[in-house]
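One letter stands for each residue in the lines below.
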Amino acid sequence: MSIVEFRNVTKTFGPVVVLREVDLNIDKGEVVVLIGPSGSGKSTLLRCINALEEINGGDLVVDNISVKAGRSQVRHIRQEAGMVFQQFNLFPQMTALDNVAFGPRRVRGVGRAEALEQARALLAKVGLAERGHHYPSELSGGQQQRVAIARALAVKPKLMLFDEPTSALDPELRHEVLRVMQALAEEGMTMIVVTHEMAFARQVGTRLIFMEDGKISVDGNPAALLANPENPRLREFLQHVH
Amino acid sequence: MEFDWSVIGEAMPALLSGARLTILITIVGLVGGLLVGFLAGLMRAYGNAFLNAVAFAYVELIRGTPIVVQVMFIYFALPVLADIRVNPMTAAVTAIVVNAGAYIAEIVRGSFLSVHRGLKEAGLALGLPMWKVLVYIIGPVAFRRMIPPLGNQFIVSLKDTSLFIVIGVGELTRQGQEIMAANFRAVEIWSAVAILYLLMTGTLTLVLRVTEKRMRIL
């Protein structure tokens, strides 16, 4: 069953066409890895799903709601589609615990005590049980990103969007974030991940999508595509990534 | 010439009552100015084209004219124009509200817009409506950044009350002027007046510094 459905979606920034009539179905439980050269539209495609970018043509249906259905419906979509950003974007005035408890309290209307208890459990899940009372500025990049994952999970989304979650991290901190993402995938979470981590794509991804120039040009099994990239542009891209 | 301390002693009760009035005008005026400033600043930053234009016109009108002209207008021109008669004290407070409000609007707008776009997106991505993003996420971060420029404006407004001498409000400068006119002791009186202003602005600076330290500036 489709949870995300792009129907002929076009997105432009002024005169620049970023997505060209994209069609794409993503089913529950899939772990989709989106790759492509910079400017190919992969981040924009992701950001259209939770309507951080407004589409200009076609339709995009997430969990049976169109992104064009109006503000309150869009908020519904956003509650079902958690997002993790490249720059973490934690709320700097709140502790790690309050960052995680914030969504349930202000979005779902959960009481403070209950929200904090859930937040503690989620921080433990991402390996940060001891760091709850630290502010984001007191955490490493890898720790901040794990808090950000917990914050997104706290709203109990059906789908998780990752926008280059490890690109701003030092190499030695990436694996701690990737491990959390892998555990999440193993629990059956539907995930769409924009990344350059090919090992993650191979081991965790169930589907690999290669974008260029606003279009999906390759779509298939990650292990097979990475072992034998028939598309010459994909082959060239993979040489540059490694 | 000889500095006569007894002159200051005799003048002090009147000067202190003037200082009290200065403080009163400043506090009431700034509370109103903050309300007006937040409203106008948020209209500028997040309002639609109409609200933005209204706030812009207000800010430009006030910033583009001297506060003395503004208070004269409120006190002398409004009664003629609209038959609105106000006492000098009301005119003084209104002038501070309107004048500080325009500058505070720009401080508010700048602080809110200076907050990293990613925080707004993170809030929206959780499924919050925009007003909650402003109240719970951007507002607190912006507020910390506002404290230094707001402090600046508070001090300017406090000193601007001295201009209300022109409409006869008995604040500190007016009191000094009246005593001086009676005893011609310019050095003693204006020294005392200056020191009283310094004490008031100094206290304000201290309060602001403590506030700033208590809220970690982000």
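What you see is a predicted model, and the numbers here were worked out from it, not measured in a lab.

Trainee: Quick question: what am I supposed to make of the nonpolar core here?
Mentor: If you look at the biggest cluster of nonpolar residues, it comprises 123 residues, and the most contacted ones within it are Leu34 and Val100 of chain A together with Ala92 of chain B. Discounting chain neighbours no more than four positions away, the residues touching Leu34 of chain A are Lys42, Leu45, Leu46, Ile192, Val193, Val194, Ile209 and Met211 of chain A. The next biggest cluster of nonpolar side chains, apart from the first, holds eight residues, and it includes Leu172, Ile179, Ala192 and Val193 of chain B.

Trainee: How should I be thinking about the packing of helix α4 (residues 112–125) of chain A against helix α5 (residues 141–154) of chain A in this particular structure?
Mentor: Geometrically, a packed helix pair is captured by the angle between its two axes and the distance between the axes. Residues and elements named next belong to chain A. Axis separation between α4 and α5 bottoms out at 9 Å; the angle between their running directions is 135°. Considered as vectors, α4 and α5 are oriented oblique to each other. Once α4 is placed against α5, the crossing between them reads as right-handed. Touching Gln118, Ala119, Leu122, Leu123 and Lys125 of α4 are Ala150, Leu153 and Ala154, all from α5. Residues that form the contact of α4 with α5 fall into these classes: six nonpolar, one polar and one charged.

Trainee: Would you explain unusual backbone geometry in this entry?
Mentor: The bulk of non-glycine residues show a negative phi, and the bulk of peptide bonds are trans. One non-glycine residue, Asn64 of chain A, lies in positive phi territory at about 70°. Inspection of the secondary structure assignment puts Asn64 of chain A in the loop between β4 (57–62) and β5 (65–66). The phi torsion at Phe184 of chain B lies on the positive side, around 60°, for a residue other than glycine.

Trainee: What exactly am I supposed to notice about the packing of helix α7 (residues 172–183) of chain B against helix α8 (residues 186–214) of chain B here?
Mentor: All names here are of chain B. Running from N to C, α7 and α8 point in directions that differ by 170°, and their axes come no closer than 9 Å. It follows from the interaxial angle that α7 and α8 lie roughly antiparallel. Across from Leu172, Thr173, Gly176, Ile179 and Met180 in α7, the residues of α8 making contact are Ala186, Ile189, Trp190, Val193, Leu196 and Tyr197. Tallied by class, residues from the contact of α7 with α8 come to nine nonpolar, two polar and no charged.

Trainee: I keep staring at the confidence of the model for chain B and nothing clicks. Help me out?
Mentor: In low-pLDDT segments, the atomic positions of the prediction should not be examined closely. Overall, the prediction assigns chain B a mean pLDDT of 94, with 99% of residues at 70 or greater. Scoring the predicted complex yields pTM 0.87 and, for the interface, ipTM 0.93.

Trainee: Would you mind showing me how to read the confidence of the model for chain A here?
Mentor: Residues at a pLDDT of 70 or more form 100% of chain A, whose mean pLDDT is 95. For chain A, helix α9 (residues 232–241) of chain A is the element with the lowest average pLDDT, namely 91, and strand β7 (residues 159–163) of chain A is the one with the highest, namely 98.

Trainee: Could you clarify how one ought to interpret the pairing of strand β8 (residues 190–194) of chain A in this entry?
Mentor: On a regular strand, each side chain points to the face opposite its neighbour's, so the side chains alternate between the two faces of the sheet. All names here are of chain A. In terms of burial, β8 is largely enclosed, as five of its five residues are buried. The alternating pattern of β8 places Thr190, Ile192 and Val194 on one face and Met191 and Val193 on the opposite face, and all of these are buried. With four bridges connecting them, strand β3 (residues 31–35) and β8 associate as parallel partners. Counterpart to Val31 in the pairing with β8 is Met191. By the bridge criterion, five bridges tie β7 to β8 in an arrangement that is parallel. Looking at the pairing, Phe162 lines up with Val193 of β8.

Trainee: Just to check I follow, could you spell out helix α5 (residues 117–125) of chain B for this structure?
Mentor: An α-helical segment advances 3.6 residues per turn. Residues three or four places apart therefore align on the same side. All of the buried residues along α5 of chain B are Leu119, Ala122, Gly123, Leu124 and Ala125 of chain B. In this structure, the buried residues of α5 of chain B make contact with α2 (71–80) and β6 (81–84) of chain A together with α6 (130–160) of chain B. Just downstream of α5 of chain B lies Gly127 of chain B, where phi reads positive at about 100°.

Trainee: Before we go on, may I ask you to explain the interface of chain B and chain A in this structure?
Mentor: When the parts of a complex come together, some accessible area is lost, and that lost area is often used as the size of the interface. Opposite the 16 residues of chain B that make contact, chain A presents 16 residues. For the side of chain B that touches chain A, the elements supplying multiple residues, two or more each, are α5 and α6 of chain B. A total of six residues in the side of chain B that touches chain A trace back to one element, the largest contributor, which is α5 of chain B. When its residues are assigned to classes, the side of chain B that touches chain A shows 12 nonpolar, two polar and two charged.

Trainee: I would appreciate a short explanation of the sheet that holds β5 of chain A in the present structure.
Mentor: Pairing between the strands of a sheet is mediated by backbone hydrogen bonds and can be parallel or antiparallel. All names here are of chain A. The sheet built from four strands is open, its strands ordered β2-β1-β4-β5 with antiparallel pairing. Every interior strand has two partners, whereas the edge strands, β2 (16–27) and β5, have only one. Bridging between strand β1 (residues 2–13) and β2 involves eight bridges; their strand directions are antiparallel. Paired with Val9 across the strands is Val22, a residue of β2.

Trainee: Looking at this model, I keep getting lost on the sheet that holds β6 of chain A. Mind explaining?
Mentor: Residue and element names in this part refer to chain A. Sheet architecture is open: six strands sit in the order β6-β7-β8-β3-β9-β10, paired in mixed fashion. Looking at which strands have only one partner, the edges of the open sheet turn out to be β6 and β10 (215–220). Between one strand axis and the next, the sheet turns by 20° as a mean value, whatever way the strands run.

Trainee: In this structure, what is going on with α4 of chain A? I would like to understand it.
Mentor: Residue and element names in this part refer to chain A. In this model, α4 (14 residues) spans 20 Å end to end at C-alpha, consistent with the 20 Å of a helix rising 1.5 Å per residue. Inspection of α4 places Ala115, Gln118, Ala119, Leu122 and Leu123 among the buried residues, and these make up the whole buried set. The arc enclosing the buried residues of α4, seen along the axis, measures out at 140°, which places them on a common side. For α4, the exposed residues lying more than 90 degrees away from the buried face are Ala113 and Glu114. Taken together, the buried residues of α4 touch α3 (96–108) and α5. Positive phi appears at Gly127, one or two residues downstream of α4, with a value of about 80°.

The rules behind these values
Residues numbered from 1 in each chain as written. Chains lettered and ligands numbered in written order. Predicted model: local features only at pLDDT ≥ 70, side-chain atom pairs only at ≥ 80, totals over all residues. Core = buried A, V, L, I, M, F, W, Y, C linked by C-beta atoms within 7 Å. Buried ≥ 20, exposed ≤ 12 C-beta atoms within 10 Å, placed from the backbone. Contact = placed C-beta atoms within 7 Å. Axes fitted to C-alpha atoms, helices over the stretch in contact; angles between N-to-C directions. Helix = DSSP H or I, 4+ residues; strand = E, 2+ residues; numbered from the N terminus. Parallel < 35°, antiparallel > 145°, perpendicular 65-115°, else oblique. Left-handed = near helix turned anticlockwise from the far one by under 90°. Nonpolar A, V, L, I, M, F, W, Y, C, P; charged D, E, K, R; others polar. pLDDT = per-residue confidence, 0-100. Pairing = 2+ DSSP bridges. Expected span 1.5 Å × (residues − 1). Arc of directions from axis to C-beta.

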